[in-house]
Amino acid sequence: MSSIDLAILGIVLEKPRSAYDIQKDVEYHHFSRWTRISTPSIYRKVIQLSEKGHLKSDTVKGDKFADKAVYSITDQGRAYFEQLMTAYAGQQVPLLFDFNVVITNLNKIDREKALGLVQRLRGAIAASAQLNQEHAEEYADIPLVGRTIFEQQQLLYRALLEWLDAFEHQFKGG
């Protein structure tokens, strides 16, 4: 089971595409900002999905370029897509933040340095929230299912900043 499988099948479910077009769609929608997907792995995954019978390919004659394989979803692929949708919707949601390692070690360094790192973390979260907001404004015309990811991330950034405020207050002994 792989989230990249789900992303690829969802893209191809919309309309048949070449592996290159799938990669461009992943890049255009900034999938890597909100899920574990890398564009270099797309070609390999498309081949694997095809070998497993989830995708079928048809060779399309190119205009000026070489012929290319265009992939479409099979009935088996649709079933796998639905299986993945159900599985991912029902699994636990781990919130893994690399900065938690910094938080757990703050009591091991000088208090002023520790508070400086808290401020640095606050700045990083705020900068991430600002970048997310800029992306949301830049892509305001995308469908609701895409826009809502930006909203979700904004809420998480706000919640992290509130949590950090409360933590800092406690850490200072207040």
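To start, this report covers the structure provided alongside it.

Calculation rules
- Residues numbered from 1 in each chain as written.
- Predicted model: local features only at pLDDT ≥ 70, side-chain atom pairs only at ≥ 80, totals over all residues.
- Heavy atoms only, no water.
- Patch = residues over 30% accessible without salt bridge, like charges linked within 9 Å, V, L, I, M, F, W, Y side chains within 5 Å.
- Areas by Shrake-Rupley, 256 points an atom, 1.4 Å probe, with all protein chains shown as cover.
- Salt bridge = Lys/Arg side-chain N within 4 Å of Asp/Glu carboxyl O.
- Helix = DSSP H or I, 4+ residues; strand = E, 2+ residues; numbered from the N terminus.
- Pairing = 2+ DSSP bridges.
- Contact = heavy atoms within 4.5 Å.
- Axes fitted to C-alpha atoms, helices over the stretch in contact; angles between N-to-C directions.
- Phe/Tyr/Trp six-rings, centres within 6.5 Å; stacked < 30°, edge-to-face > 60°.
- Buried < 20%, exposed > 50% of the residue type's maximum accessible area, 1.4 Å probe, protein only.
- Lys NZ or Arg CZ within 6 Å of the ring centre and 35° of its normal.
- Parallel < 35°, antiparallel > 145°, perpendicular 65-115°, else oblique.
- Nonpolar A, V, L, I, M, F, W, Y, C, P; charged D, E, K, R; others polar.
- Left-handed = near helix turned anticlockwise from the far one by under 90°.

**Some remarks on a nonpolar patch on the surface**
Now for step 1: Nonpolar side chains collect at one region of the surface, where Val 102, Ile 109 and Leu 117 lie side by side and expose about 210 Å² of accessible area between them.
Now for step 2: Relative to the assigned elements, Ile 109 resides in the loop between α5 (100-105) and α6 (111-138).

**Here's the deal with the sheet that holds strand β3 (residues 68-73)**
Now for step 1: The strand order across the open sheet formed by three strands is β1-β3-β2, and the pairing between neighbours is antiparallel. The open sheet has two free edges, formed respectively by β1 (17-18) and β2 (55-60), since each of these has just one partner strand.
Now for step 2: Set on the sheet, helix α1 (residues 3-14) makes contact with β1, β2 and β3; between it and β3 the angle comes to about 95°.

**As for the packing of aromatic side chains**
Now for step 1: Applying the stated rule across the entire model yields four aromatic pairs.
Now for step 2: Geometrically, the ring pair formed by Phe 99 and Trp 163 is tilted, given 6.1 Å between the ring centres and 40° between the ring planes. Taken together, the residues span a long stretch of sequence, with Phe 99 in the loop between α4 (75-90) and α5 and Trp 163 in helix α7 (residues 144-171) at a distance of 64 residues.
Now for step 3: Note on Phe 99: relative accessible area 16%, which makes it buried.
Now for step 4: Three or more aromatic residues joined by ring pairs make a cluster, and in this case those are Phe 97, Phe 99, Trp 163, Phe 167 and Phe 171.
Now for step 5: Here the basic side chain of Arg 111 rests over the ring of Phe 171, its NZ or CZ set 4.8 Å away from the ring centre.

**Things to note about the packing of α1 against helix α2 (residues 19-28)**
Now for step 1: Relative orientation of the contacting elements α1 and α2 amounts to 110°, with a least axis distance of 10 Å. If you check the angle between α1 and α2, you find them roughly perpendicular. Residues Ile 8, Ile 11, Val 12 and Glu 14 of α1 lie in contact with α2, whose contacting residues are Ile 22, Asp 25 and Val 26.
Now for step 2: For the contact of α1 with α2, the residue count by class is five nonpolar, no polar and two charged.

**Looking at the pairing of β3**
Now for step 1: Where β1 and β3 come together, two bridges link them in antiparallel fashion. In the strand pairing of β3, Ser 18 is matched with Val 70.
Now for step 2: With six bridges connecting them, β2 and β3 associate as antiparallel partners. Bridging from a neighbouring strand, Val 60 pairs with Lys 68 of β3.

**A word on the pattern of salt bridges**
Now for step 1: A full pass over the atoms with the stated rule returns eight salt bridges.
Now for step 2: Via salt bridges that share partners, Arg 122, Asp 165, Glu 168 and Lys 172 belong to a single interconnected network.

**Brief notes about the packing of α1 against α4**
Now for step 1: With their axes 10 Å apart at the nearest point, α1 and α4 run at an angle of 130° to one another. The orientation of α1 with respect to α4, classified from their angle, is oblique. Crossing hand, α1 versus α4: left-handed. For the pair formed by α1 and α4, the contact residues are Ser 3, Asp 5, Leu 6, Leu 9, Gly 10 and Leu 13 on the first element and Gly 77, Arg 78, Tyr 80, Phe 81, Leu 84, Met 85 and Tyr 88 on the second.
Now for step 2: Classifying every residue of the contact of α1 with α4 gives eight nonpolar, three polar and two charged.

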